[in-house]
Structures are given as C-alpha cells and as structure tokens.
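Structural characterization, general
Okay, here's what each chain looks like letter by letter:
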Amino acid sequence: MESPASGHRLLPHTADLILEAWGPSRHACLREAVRGLVEAFADVDGVAASGTVPVALQADSGEELLVALLEEILYLLDTEDVVPLDVTLTEAADGGLRGAFLVAPAGAVSQQGAVPKAIAHHGLELDEEPGRWRCRVTVDV
Amino acid sequence: MAITVESLVQETPERWRIERRGDMRVPGIVFASRRLLPDLVSDRSIEQVANVATLPGIVVASYAMPDVHWGYGFPIGGVAATDIERGGVVSPGGVGFDISCGVRLLLAPMTAGELAPALPRLMDELAARIPRGLGRGAVWHPMGAAELREVLLGGSRYAVERGFGVPDDLVRCEDQGIVGDADPDAVGERALQRGLRQVGSLGSGNHFLEVQVVDAVSDPAVAARLGLEPGRVCVMIHCGSRGLGHQICTDHVKVMGSAMAQYGITVPDRQLACAPVTAPEGRAYLGAMAAAANYGRANRQLLTEATRDAFAAATGDRRIDLLYDVSHNLAKIERHTIDGAPRQLCVHRKGATLALPPGHPDLSGDLAEVGQPVLVPGSMGTASHVLVGVAGGGAFYSTCHGAGRVLSRHAARRKIGGRALRAELEAAGIAVRPGALAGLAEEAPFAYKDVDEVVDTCERAGLGRKVARLRPLGVVKG
C-alpha cells in the first residue's frame, strides 16, 4: 500500500528515471512530483530557501501541465542557478496552476545523482483514481 | 506491442529479426550476441524497436545496435531511416533530448609512464577547470544572444575563430566541426536562455572526461595512422548540447505532437511525435537540431581548450591533438541505395554512431583511407574503444555508441556507495574526481554491459572494425 495520502517514489528504468507521485488533489499530486524530481538529484534537507519564483502555467491537458511544471525546475536550474526546494500550488480558474517555487542557490544544495535533462512524454500519466490523484512521468537524465 | 524472445528470429549469430506485425511497416533487426540478448528482452527496448518500425516512410528496417537499451519512444541504440520523397518523417525522439551528444578523443604527446609523476596534478587541474554537475557554470559565456547565434551557426569553427583552439582541430571533426543548414530562428527563447551559460560544461549522468592510455591495438596499421601507439596518453570527452539541446527537443516534440493529426500520422508512443521532413515542422526541427549540434561541438571544443590548459599547468606541455569528434545522437540527410535505386533518407541515430567505410566520398584526407573513426566510451573504470567503419557496414553505416546500461541508477546506488566505488577505482589505479560523490555510484561499471562484448559483437556483425582499446587512468565526472 502507498501511504500516506501524499507521496512519491522512483520506479526502475534502465537508463532514466520513472517518477510516480500521488496526492488527495491534482495540485497536491503535482506538488509531490516536484518534490520527487528534486530529491532524485539533490539533498535539500535543512537547506533554507533564499527566495521564491512565481508559477503561472496553462496547458491543454493535466499531463501537459505536469510536464510544464517539471520543466520549470530544469529551466530554473540552467538559467537562474537555483534549485526549487518545494512549491505552493493552487488551481487556477483557467484550468492551469498558480503558485510559487521556494528556491535555494544550486551551490547550497548537495548533488545526489545525475541532474535531469528533460521530461519525456513516454508513458506519461496523470489520473484521478478513487480518493486520490496519481501521476507517472519518465525523466531523461 | 508486446515482444518476447520468441518473437526474435535468429538470422546469424549476431543478427536477430522481428517480423512485421501490427502497424509495423518494416521488420526490426537487432544486432546482439546470444550473451547480450537477455538484457535486450528483459527491458522494453525490443518493443521500442517495433514501435519505431511504424513510423511513416521508414525503409529497410528499424535497427538496434548491440548496446541498445530502454529509452523513451526510440530505444537508445536505435537507427531508423525514412525516405524523404515518400512521406518520410523526422522525429525529435529519434535523436533524443541530448542533441549531438558525442565523443571527442584527444592525443597527448606522452606515454602513460612519462605522465605518471604529473598525473595527480593533472587530475586536480582538470577537476578545477572542467565545469560539471549541478550549477557549476561553464568555460565560456558567449556575449549575449548575438554571439550565441554565432555559436549555433558556426559550431567548433566559430570557437576556433574566437581563439579557443587551432585550425587543425577542425580537420578531424565530423563535418569539419560545423553542421550546415542550422537555423537559429527555429530555436526557441527558452532554449537560447538555457544555452547562454553552458558553453564548455560536461553536465552529469554518464558524461565524463577521462585521461586514458592506449592499452591494446587490434589493427596496428590503422592505429598508427590515427596516432594510437600503445602506451600513448589520450583524453576522451563525452558530452552534448546541454540545456539548449534538451529544450529544443522538448519544444519540437510538443509542436509535432499537435501537428501530427493534420498529416494523418498516429504513433504508438507520444515521444515518437514526428512530422514529414518536407513539412514546415520537420524543416524547423532539422534547422534547430543542426543549431544544437553546432552548440554541442563548440561545447566539446571549449572543453578541449580547458584540457590543454590543464596539461600545460601540470606538465608544461599543451600540445594536445584532436583524433576525432563524432556525435551519436543525430538525424542526418544521407543518400543510400534502396532496392537498387539511390534514395535521399533522413537517418536517425539515437545512441548509435555513423561509421563510414574507407573510400566513402564524405571522408577526406587520411580518413578516406582508413575509414571513419568511431569512439565508443565504456562505463566508468572500464575500457573504451576506437573502431573504424567497414565496407558494406549494416544499418546505413551505423554502429554502437557505448556499453549500454543494464541496471537502473537506483539499483546501482543500492549496490554500492559513492565513497566505496571511488575507493575501488582508486585501488585499481584510476584517479577519480567526481563532481558529486553521492551520484558516482549511479555510474558504477556493473550497471553497464561489457563494452568489450559490445564492440566484439559489432565487429562480428560487420558494423565496424576494432582498432584500439583504451584504459582509463583518471576520471572527471559530473
């Protein structure tokens, strides 16, 4: 059984990462996906946030929203040299997401594994199940 | 579609066939020894070979090299060619996120014995000068968007013109260091932003810079022509086009995913999104891909200069020559003879290396006599290989690109810690300079196939000829 109500885990994949996350709502599930992706390559325990970066995303589907949200992490790494420690998210009236990443400088974070390159559409899932939302995404590393 | 070992028909000891079924337009051909085969069937790479065989315009077969493993959409180690005049498509997934990821091999003017006293200092100099891993910057920062555009158009050639290298560096580069038809206007703003601060950086994962020694020579005549004397020190650099390339793939998969319906295309995996080569979406991708390929070559050129600086500081000698630079993630427009007629094909190689034979018109100088060098990096701490293309080479003159993973990163980390792995490598005489110790374990040698078995299989299958085996002396990892 997967518990508690929110969580994430990595599933075996030969070369890359498969990330699974779940939560009681769509945005809670997506938040877990953010945490799971960051934990796959960085140890953020005890790292203090140095600022926030706003999140404002819109997409044609929930799955595309998931991809867009995780891609923001990779974009911030490459362009701002910051690692998101966590994210606050709310559902927007237009079907998108609003919120903010809590970020820390990349130099303040200990690297734990290969830094992700991109979010793939292979095997992409975001579904509402009885009592929870669950997503699965393949990450190229 | 589900593929089992029973789906494979053995044609030769190193060649297996997946017969057409379902929507497959051509059969699948897997090059593997019987020893390598279980790894291919246990993951989903064979299923992905079959999925690629459904792409519009694909000709002859969907191929898998002996190092094939499970990717996303295309398998890693896959080759697929589409006939451009007959609706052939280009698929960004057939190139991969790391566009023009490739390998560069440098020759140092010394033997391992001569270098030995200076090796620890050299490794420290390299560790200080080679940006790698999480947020560690780059050797060079182009002066804004205008100069980045020059990199995208000019590749290694532009880097050399700016003083990062010597003209001889271009002679031994695939395409002389510059891919034509690059279109910076097809590169999106996010990709440009990601590319601004990474020219001259390794990245992480399986990317590395290794100081190596020529350990064994299989073809003394060709090895001598290439400068691979036994005992000579080499440097191998494995990296790609960094965030810029990753973003280009991401952006164009999205565009093609939306555009496929108007061309009547459906694919069994969303990461196989594609468009006809002649369609606006296909042309735009190829232009952006070429720009990323130039970025990748400039990236390896900048790391070459940093390597020269490290050698100068550690040994007083910066005479480092380029043996070759070749991509293993690229789509190329090539002419091949199909059913007796010359055809213009879009050949996707994702984790596969072009290996032109001696005498091929695209090779010049002494390479026309020996064939195109193929650089095959092994897993960390094991051997790497240099091959050359052979006449009659299969899969549109393609061969392997590395060892190929068999264990997930997670499983590798469970089996050994970074500190223990580093101690093992050091005990074996290999100096290690990781960007992050904790991530080192993901690249443990046991997570990969036996690279010797992979290249032996390539040779027996007629995909290339072994020239020399290289053994690591020191590893710089992201």
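What comes next is a walk through the structure.

Considerations on the overall build of chain B
From N to C terminus, chain B includes 16 helices and 19 strands. For 478 residues, the compact-globule estimate of 2.2 N^0.38 gives 23 Å, and chain B sits close to it at 21 Å. C-alpha atoms of chain B, sized along the principal axes, occupy 60 × 50 × 45 Å. Counting only residues that meet the buried cut, chain B has 66% of its 478 residues in that class. Counted over contacts in chain B with a minimum sequence separation of 6, partners at least 24 positions apart contribute 76%.

Considerations on the overall build of chain A
The helix and strand inventory of chain A stands at two helices and 10 strands. Starting at the N terminus and walking to the C terminus, you meet the elements of chain A as β-β-α-β-β-α-β-β-β-β-β-β. Against the compact-globule benchmark of 14 Å for 141 residues, chain A has a radius of gyration of 14 Å, which places it among compact chains. Residues counted as buried form 60% of the 141 residues belonging to chain A. Considering only contacts in chain A between residues 6 or more positions apart, those separated by 24 or more positions represent 63%.

Quick notes on the interface of chain A and chain B
At the junction of the two partners, chain A supplies 38 residues and chain B supplies 42 residues. Summing both partners gives a buried area of about 3,500 Å² for chain A against chain B, and 52% of it is carried by carbon and sulfur. Joining chain A to chain B, the criterion identifies six salt bridges. Between K117 of chain A and D98 of chain B there is a salt bridge, with the nearest N and O atoms lying 3.4 Å from each other. On the surface where chain A and chain B come into contact, there are 18 residue pairs in polar contact (both at pLDDT 80 or more). Of all the elements in the fold, those that place two or more residues in the side of chain A that touches chain B are helix 1 (26-41), helix 2 (62-80), strand 8 (118-119) and strand 10 (132-140) of chain A. Here the side of chain A that touches chain B gets 10 residues from one element, more than from any other, and that element is helix 2 of chain A.

Some words on the packing of helix 4 (residues 119-129) of chain B against helix 10 (residues 280-315) of chain B
Residue and element names in this part refer to chain B. Running from N to C, helix 4 and helix 10 point in directions that differ by 145°, and their axes come no closer than 9 Å. Of the two possible hands of crossing, helix 4 and helix 10 adopt the one that is right-handed. Contacts from R121, L122, E125, L126 and R129 of helix 4 reach helix 10 at A306, T307, D309, A310, F311, A313 and A314. Considering only residue class, the contact of helix 4 with helix 10 consists of seven nonpolar, one polar and four charged.

Examining the pairing of strand 7 (residues 102-111) of chain B
Residues and elements named next belong to chain B. Counting buried positions along strand 7 gives eight out of 10 residues, so the element sits mostly inside the fold. Bridge count between strand 7 and strand 11 (residues 321-327): six bridges; the pairing is antiparallel. Its bridge partner lying in strand 11, V103 is registered against V326. Looking at chain direction, strand 7 and strand 9 (residues 232-239) are connected through seven bridges and run antiparallel. By the bridge assignment for strand 9, R104 is matched with I237.

Description of the sheet that holds strand 12 (residues 329-338) of chain B
Residue and element names in this part refer to chain B. Reading across from one edge, 1-2-3-4-5-13-12 is the order of the seven strands in this open sheet, with mixed pairing throughout. Across the chains shown, the open sheet's two edge strands, defined by having one partner strand only, are strand 1 (8-12) and strand 12. Sheet twist, expressed as the mean angle between neighbouring strand axes with direction ignored, is 40°. When strand 5 (residues 74-83) meets strand 13 (residues 341-350), the two strands line up antiparallel, connected through six bridges. Paired with D83 across the strands is L345, a residue of strand 13.

Here we look at the packing of aromatic side chains
All names here are of chain B. The final tally for this structure, using the stated rule, is five aromatic pairs over all chains. Here the aromatic rings of Y72 and F97 are separated by 5.3 Å at their centres, their planes lie at 40°, and the arrangement is tilted. Remark: F97 occurs in the loop between strand 6 (89-90) and strand 7 and Y72 occurs in strand 4 (residues 62-72); sequence separation between them is 25 residues. For Y72, a relative accessible area of 4% corresponds to the buried category. For the pair W140 and F164, a centre-to-centre distance of 5.0 Å together with 50° between the ring planes defines the contact as tilted. Highlighted residues: W140 in the loop between helix 4 and helix 5 (144-161) and F164 in the loop between helix 5 and helix 6 (168-171), separated in sequence by 24 residues. One aromatic cluster is present, built from ring pairs that chain together F31, Y63 and F396.

Digging into the nonpolar core
With 100 residues, the main nonpolar core has Y63, I248, Y285 and F396 of chain B as its most contacted residues. Beyond its immediate stretch of four places on either side in the chain, Y63 of chain B contacts I29, F31, G77, G78, V79, A395 and F396 of chain B.

Concerning unusual backbone geometry
All names here are of chain B. Here D175, not a glycine, exhibits a phi torsion of approximately 60°, which is positive. When you line up the elements, D175 lands in the loop between helix 6 and helix 7 (189-195). Take D175: its relative accessible area is 30%, and that puts it in the partly exposed class. Its identity as a non-glycine residue notwithstanding, D339 has a phi of 50°, on the positive side. Structurally, D339 can be placed in the loop between strand 12 and strand 13. The exposure class assigned to D339 is exposed, which follows from its relative accessible area of 80%.

What about the packing of helix 1 of chain A against helix 2 of chain A?
All names here are of chain A. Running from amino to carboxyl end, helix 1 crosses helix 2 at an angle of 35°, the nearest separation of the two axes being 11 Å. Between helix 1 and helix 2 lies a crossing of right-handed hand. Contact residues: R26, L30, A33, V34, L37, V38 and F41 in helix 1; G62, L65, L66, L69, L70, I73, L74 and L77 in helix 2. Per-class residue counts for the contact of helix 1 with helix 2 are 13 nonpolar, one polar and one charged.

So, the sheet that holds strand 4 (residues 51-57) of chain A
Pairing between the strands of a sheet comes from backbone hydrogen bonds, and it takes one of two forms, parallel or antiparallel. Residues and elements named next belong to chain A. Pairing is antiparallel in the open sheet, where three strands are placed in the order 4-6-5. Whereas interior strands pair on both sides, the edge strands pair on one side only; in this sheet they are strand 4 and strand 5 (82-91). When strand polarity is set aside, the average angle formed by the axes of neighbouring strands in this sheet is 25°. Its contacts with the sheet place helix 1 against strand 5 and strand 6 (97-105), and it is angled at close to 175° to strand 5. Along the sheet face, helix 2 touches strand 4, strand 5 and strand 6 and points at about 150° away from the line of strand 5.

Reading the values: rules and limits
- Residues numbered from 1 in each chain as written.
- Chains lettered and ligands numbered in written order.
- Predicted model: local features only at pLDDT ≥ 70, side-chain atom pairs only at ≥ 80, totals over all residues.
- Heavy atoms only, no water.
- Helix = DSSP H or I, 4+ residues; strand = E, 2+ residues; numbered from the N terminus.
- Rg over C-alpha atoms; globule rule 2.2 N^0.38 Å.
- Buried < 20%, exposed > 50% of the residue type's maximum accessible area, 1.4 Å probe, protein only.
- Contact = heavy atoms within 4.5 Å.
- Buried area = accessible area lost by both parts, 1.4 Å probe.
- Salt bridge = Lys/Arg side-chain N within 4 Å of Asp/Glu carboxyl O.
- Polar contact = N/O pair within 3.5 Å; in protein donor to acceptor, adjacent residues only side chain to side chain.
- Axes fitted to C-alpha atoms, helices over the stretch in contact; angles between N-to-C directions.
- Left-handed = near helix turned anticlockwise from the far one by under 90°.
- Nonpolar A, V, L, I, M, F, W, Y, C, P; charged D, E, K, R; others polar.
- Pairing = 2+ DSSP bridges.
- Phe/Tyr/Trp six-rings, centres within 6.5 Å; stacked < 30°, edge-to-face > 60°.
- Core = buried A, V, L, I, M, F, W, Y, C linked by side-chain atoms within 4.5 Å.

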